[in-house]
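# Commentary on secondary and tertiary structure
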Amino acid sequence: MSTLAPSTAELTSRLDRDAPAVEVRDLRKTFKRKDRHAGRFARKRPWPALDDVTFTIASGECVAILGQNGSGKSTLVRLLSTLLIDDGGEARIFGHDVQKDASTIRRLVNRVSVEASFFKKMSAAENLSYAARFYGMGPHQTRTAVPEILARVGFPPERRGESMENLSRGMQQKVALARALLTSPVLLLLDEPTTGLDPRSKLEVQEFIRQVRSEHDATILLCTHDMAEAETLADRIGLLDRGRLLFLEPVEDVKRRFGVETLEEAFFAATGREFENEAQDDDDEYREVFG
Amino acid sequence: MSEFALETRNQLIGLFGIVERNVYLTKRYFLWDIAFMFWTIANTLTIVFIARAAALTGHLSASQENTLALSLLVGATIWAFLGIIFEFMTETVAWERWEGTIEYTFMAPLSRLVHLFGQGAFAVLYGLIRATILFFAVALFLGLHAPNANYGAALMLLALASLSFIGVGIMTSVLPLISPEKGAQLGFVAQGLMLVVSGVYYPVSVMPEWMQWIAKISPATYALRGCRASIVDGAGIAWANVWPLLIIAVLATPIGLAIFKVGERYAKRNGKLKRSG
């Protein structure tokens, strides 16, 4: 791809494509948090965000991890993108250890999170150019690559110079996708990329993810709590519940295994709880550890 | 191109990216810059007018008044310059956390040294421009004259001191990473402490002895002493000011970087990087 940063291109060409794109074994991460019901002076207690999670993703595969708020999805994405240090187990991306070989991993991975995080006073084009510099793309490269990638995500050319703060949430999310793709990652981590989007923007983003899959040699890990989205986009679906990966299988196998018609029913069968019934409190408390 | 050359090239482009981003943001916040510049000039005038007030006692000649005013102006200018460097460095993390971009910066293949040095390089350039405007605006306003000023020597010394300031700034920039709010507050405390012991408007000798000891390890002490001597007395670059700055510069950046890495590891272990998703 013309947008490849030189060393990323070099690195990508040397990857062992037969190796699993992602290989996670007994991965653990525990945070400490206060139980808000235990009083103001309660001591912080360990809270397992990921509990011995093991799975692999093949090169070029799209895997969706379902789970509710606080289930550990974002922790998994952060561990794979070198933003957290695990408490045990290991994670490898195309054979490279995420902790020991973090600088290589950073060239291979990019991420889109639920919040399109940008410098709000800067324009879409400026934000993308800025992000591209970290991956070795100079001004002469971004001059053509940025308009190209923005056009591909359906971003109106006349709004390229507008501050991010003036753009709708859907537009911002498109720019976030463009930013992730600009660096040509071999592993794309999508952490609830369509949460909070209006139905039209959601469909556009999902369509673009499909397009990325068909046109690029990228492996996708999609973390979401949208079951329909997972079913539409992924080859296999996993369920992360309170830090434990309960299954990771093609959707039909999941339904067959639990003898159910829908993923909601499968969730109920696997956890004994309704998907909607998760307490929001858990999520809020969990988020405190990042605050 | 060899792998090393390629990586060096990529890191330099990354450094350029940090500087370029700050240029974009400065352009977007231009009116704030004008407002801050106005405030800094007004604040400096209130300090330099002290020389006029001292002259009213009748104990100062016109020449002594000019010398005192220049001396105060050099102090205020370097205070402003240092303030900018510390502000930029301390806010490296705090600012990105506020914008929500910190995780994207920390997961990018940019070395931390280049990341922080890029921030420092812009701060030095930006600080120099503002300090120059401040110095000449106040000098013109009050009709101060510095016939013997050796601006070249002052600038050289300031450039050398900037390396130390960036190193010390890197040490303080880690604080918001460890504790998001308290860290930024501690950054201001560190900045204030460094400036108060360094003889901004007075000789270091007027301070209690324990403060004079701290002054010895502050790069601002030597920058202030040297710049004041160059601008007020026209002195060249004195080795007595250069060697301490060289030693602090050589030590401060690696120590600052090591401290930052420890802080970054702590933040990654405890999930202290801002959750933006």
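In this report, the structure presented in the accompanying data block is examined. Remember, predicted model here, so these are calculated numbers, not experimental data. (Residues numbered from 1 in each chain as written. Chains lettered and ligands numbered in written order. Predicted model: local features only at pLDDT ≥ 70, side-chain atom pairs only at ≥ 80, totals over all residues.)

### Comments concerning the overall build of chain A
The helix and strand inventory of chain A stands at 11 helices and 10 strands. Across the 291 residues in chain A, those meeting the buried criterion constitute 47%. (Helix = DSSP H or I, 4+ residues; strand = E, 2+ residues; numbered from the N terminus. Buried ≥ 20, exposed ≤ 12 C-beta atoms within 10 Å, placed from the backbone.)

### Examining the sheet that holds strand E4 (residues 88–93) of chain A
Residues and elements named next belong to chain A. The sheet built from four strands is open, its strands ordered E2-E1-E4-E5 with antiparallel pairing. The two strands at the open ends of the sheet, each matched to only one other strand, are strand E2 (45–57) and strand E5 (96–97). Sheet topology places E4 next to E5; two bridges connect them, and they run antiparallel. For Ile-93, the partnering residue across the bridge sits in E5 and is His-96. (Pairing = 2+ DSSP bridges.)

### Here we look at the pairing of strand E9 (residues 236–241) of chain A
The side chains of a regular strand alternate between the sheet's two faces. Residue and element names in this part refer to chain A. Counting buried residues along E9, five of its six residues qualify, which places the element largely inside the surrounding structure. Pairing analysis gives four bridges linking strand E3 (residues 62–66) to E9, with the strands arranged parallel. Each bridged residue has a counterpart across the sheet, and for Val-63 the counterpart in E9 is Arg-236. Two strands pair when backbone bridges link them, and E9 and strand E10 (residues 244–249) are joined in this way by five bridges, in the antiparallel orientation. Across the sheet, residue Leu-239 finds its bridge partner in E10, namely Phe-247.

### With respect to the sheet that holds E9(A)
Residue and element names in this part refer to chain A. Read from one edge to the other, the open sheet built from six strands follows the order E6-E7-E8-E3-E9-E10, with strand pairing classed as mixed. The two strands at the open ends of the sheet, each matched to only one other strand, are strand E6 (109–112) and E10. Taken pair by pair, the neighbouring strands of this sheet meet at an average axis angle of 15 degrees, ignoring direction. Sheet topology places E3 next to strand E8 (residues 219–224); five bridges connect them, and they run parallel. Looking at E8, one finds that Cys-62 is bridged to Ile-220. In the packing of helix H2 (residues 73–80) onto the sheet, contacts are made with E3, E6, strand E7 (187–191), E8 and E9, and the angle to E7 comes to roughly 150 degrees. (Axes fitted to C-alpha atoms, helices over the stretch in contact; angles between N-to-C directions. Contact = placed C-beta atoms within 7 Å.)

### Quick notes on helix H3 (residues 62–99) of chain B
Because an α-helix packs 3.6 residues into every turn, residues spaced three or four apart end up facing the same way. All names here are of chain B. A rise of 1.5 Å per residue sets the reference length of H3, with its 38 residues, at 56 Å; its end C-alpha atoms lie 51 Å apart and thus fit the reference within 8%. Most of H3 is tucked away, with 27 of its 38 residues classed as buried. One or two positions beyond H3, positive phi appears at Gly-100, with a value near 90 degrees. (Expected span 1.5 Å × (residues − 1).)

### As for the nonpolar core
One finds Leu80(A), Ile93(A), Ala178(A), Leu187(A), Leu221(A), Leu222(A) and Ile85(B) to be the most contacted residues of the largest nonpolar core, which totals 154 residues. For this core, the element with the highest residue contribution is H3(B), accounting for 18 residues. Contacts of Ala178(A), omitting those with residues within four sequence positions, involve Leu128(A), Ile149(A), Leu150(A), Val153(A) and Phe155(A). (Core = buried A, V, L, I, M, F, W, Y, C linked by C-beta atoms within 7 Å.)

### Considerations on the environment of Gly89(A)
Residue and element names in this part refer to chain A. Tracing the chain through its elements places Gly-89 in strand E4. Judged by the 17 C-beta atoms lying within 10 Å of it, Gly-89 falls in the partly exposed class. Considering only alpha carbons, one finds Gly-89 and Asp-51, 38 residues apart in sequence, at a separation of 9.8 Å. Those residues in contact with Gly-89 that lie beyond four places of it in its chain are Arg-25, Asp-26, Leu-27, Arg-28 and Asp-52.

### Points about the pairing of E8(A)
Residues and elements named next belong to chain A. Summarising burial for E8: six of the six residues are buried, a large majority. Of the two faces of E8, the one holding Thr-219, Leu-221 and Cys-223 and the one holding Ile-220, Leu-222 and Thr-224 are both buried throughout. Alignment of E7 against E8, held across five bridges, turns out to be parallel. Bridge pairing in E8 links Leu-190 to Leu-222. Crossover connection from E7 via helix H7 (residues 199–215) to parallel E8: handedness right-handed. (Right-handed = clockwise from strand over helix to strand, strands pointing away.)

### Let's talk about the packing of helix H1 (residues 3–28) of chain B against helix H5 (residues 112–142) of chain B
All names here are of chain B. Following both chains from N to C, one finds H1 and H5 inclined at 45 degrees, their axes separated by 9 Å at the closest point. When the axes of H1 and H5 are compared, the pair comes out oblique. For the crossing formed where H1 meets H5, the hand is right-handed. Together, Gln-11, Gly-14, Leu-15, Ile-18, Val-19, Asn-22 and Thr-26 of H1 and Val-114, His-115, Phe-117, Gly-118, Gln-119, Ala-121, Phe-122 and Tyr-126 of H5 make up the contact between the two elements. The residue makeup of the contact of H1 with H5, split by class, is eight nonpolar, seven polar and no charged. (Parallel < 35°, antiparallel > 145°, perpendicular 65-115°, else oblique. Left-handed = near helix turned anticlockwise from the far one by under 90°. Nonpolar A, V, L, I, M, F, W, Y, C, P; charged D, E, K, R; others polar.)

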